[in-house]
Amino acid sequence: MDAASPHSEAAHQNGASQLIAGSLDRLARWVEARDYKAYDPGDGQMSFLAPLTFGSQKLERILTAAVLRTPVNIRPLIGIPPHTSTKGMGYMAWGYLRRFAATGDASDAQKVRRCLDWLLANRAPRYPDLCWGNAFTFTTRAGRIPKGEPTIVWSGLIGQAFLEAAEILDEPRYLDAASSVCDWILKLPREETQRGLCLSYVAFDQVSIHNSNMLGAALLARVGARLGRSEAIEVAGEAMRYSCERLNVDGGWYYGEASKYHWIDSFHTGYNLDSLKRYADSTHDSAFDGHLARGFAYFKQHFFEPDGRTRYMHDRLMPIDIQCAAQAIDTLAFFSEADPDALDLATRVARWTITHMQAPDGHFFYRDLGWMKIRTPMLHWGQGTSFKALAHLLVKLTDEPAPQSPSP
């Protein structure tokens, strides 16, 4: 078969850009019309049924899982209102930044400020440094995270949005915010080992998880490099060492080292890869280049179907989950400069996801179970992640330099 002509490739890319831009417009209208409020997979304990758990973690888990796994949205029936997610607002801000970079639309810059200012006003209240958690208590087999208790995952990802806003919008107060998040991360418990350290998922206990450790380290590295914070860079390096030295021989990362965490899923793998790349890009430390290459090769080999569907687990397709698709698009776009095949794969995933997982009103479905779709609109798990990922891909497809910052 003859290779595609440059003209046909350009037309294909232009068609993808138009598809993605239209998807972003519909999604933004949906989110903005609802004042950034929707649901979250883990929000079951916002129900009026929560007192009936009597503080039992087992009963809390049952309630949380029942609401999460029910294929129809029962939340309105049990008193769970649409609500704003801190992580969702961070992703929306990040997506507006990406879209501003692609289009130069000053209204997107204003929306970035709205989201980030909301986050500054809705920080976790019990800590002197900036950090964020959920608007509900979340209980799983790993334990209970109380309402409002910050996590390194939420705080690390939101911190990245603040850092990029400081760079793109040239607003020092956002850099101060990202630095404050780093102050909180540096005070977290750590698992110290002879092969690196693991930053805890939460502040009230030591919980060692690879993606949370690497997300925290990535922010420490970027802010440390930007501000000359040597301790932040040193801790980041040791945290990356912990997770990289525990990468499986085949290139897969378990969720965590404890036996109960021995699974490998696509979106946490994406977090790991993005974080390690951000660390390497900001510190110019090449010590983990081999791990990054091996992990990314595993990611491409194990998590994608030929038609663009994204697998949830490394060895299982179903359920098709919007978080997995969005993170896949984001990670592939991020790696596309070093791996040209990644951009084509990201575009294929985006086409399938927009075609099969986006409702006519603009929101993305939560899951496709094969026999039915769960159409419940989640804010961070679906809308925010998809908005940021698709805006990132659009930047890569248009390949235009970021415009100058508009006036506030």
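First, a word on what this report is: a plain description of the structure on this page. From a predicted model like this one, the values you see are computed outputs, not experimental measurements.

With that settled, the discussion passes to the side chain of His-268. By the secondary structure assignment, His-268 is in helix 9 (residues 266–283). According to the relative accessible area criterion, His-268 is buried, its value standing at 14%. With residues near it in sequence (within four places) discarded, His-268 still touches Asn-211 and Tyr-255.

The next point concerns helix 4 (residues 106–121). Its 16 residues give helix 4 an end-to-end C-alpha distance of 23 Å, which sits within 8% of 22 Å, the value for a rise of 1.5 Å per residue. Asp-108, Ala-109, Val-112, Arg-113, Cys-115, Leu-116 and Leu-119 are the residues of helix 4 that are buried. Down the axis of helix 4, the buried side of the element spans an arc of 165°, and every buried residue falls inside it. Check the buried side of helix 4 and you find it contacts helix 3 (86–103), helix 5 (152–169) and helix 6 (172–186).

This part is about the pairing of strand 3 (residues 190–193). In the sheet, strand 3 pairs with strand 4 (residues 196–199) via four bridges, with the strands oriented antiparallel. Its bridge partner lying in strand 4, Glu-191 is registered against Cys-198. Where strand 3 hands over to strand 4, the hairpin turn is made up of two residues, counted between the paired strands.

All right, on to the packing of aromatic side chains then. One pass over the structure, following the stated rule, counts 18 aromatic pairs. Ring centres of Phe-299 and Phe-304 lie 5.3 Å apart, and the angle between their planes is 85°; on these two criteria the pair is classed as edge-to-face. Grouping residues by exposure puts Phe-299 and Phe-304 together as buried. Every member of this aromatic cluster is reached through a ring pair, and the members are Phe-296, Tyr-298, Phe-299, Phe-303, Phe-304, Phe-334 and Phe-335.

Criteria and thresholds
Residues numbered from 1 in each chain as written. Predicted model: local features only at pLDDT ≥ 70, side-chain atom pairs only at ≥ 80, totals over all residues. Heavy atoms only, no water. Helix = DSSP H or I, 4+ residues; strand = E, 2+ residues; numbered from the N terminus. Buried < 20%, exposed > 50% of the residue type's maximum accessible area, 1.4 Å probe, protein only. Contact = heavy atoms within 4.5 Å. Expected span 1.5 Å × (residues − 1). Arc of directions from axis to C-beta. Pairing = 2+ DSSP bridges. Phe/Tyr/Trp six-rings, centres within 6.5 Å; stacked < 30°, edge-to-face > 60°.

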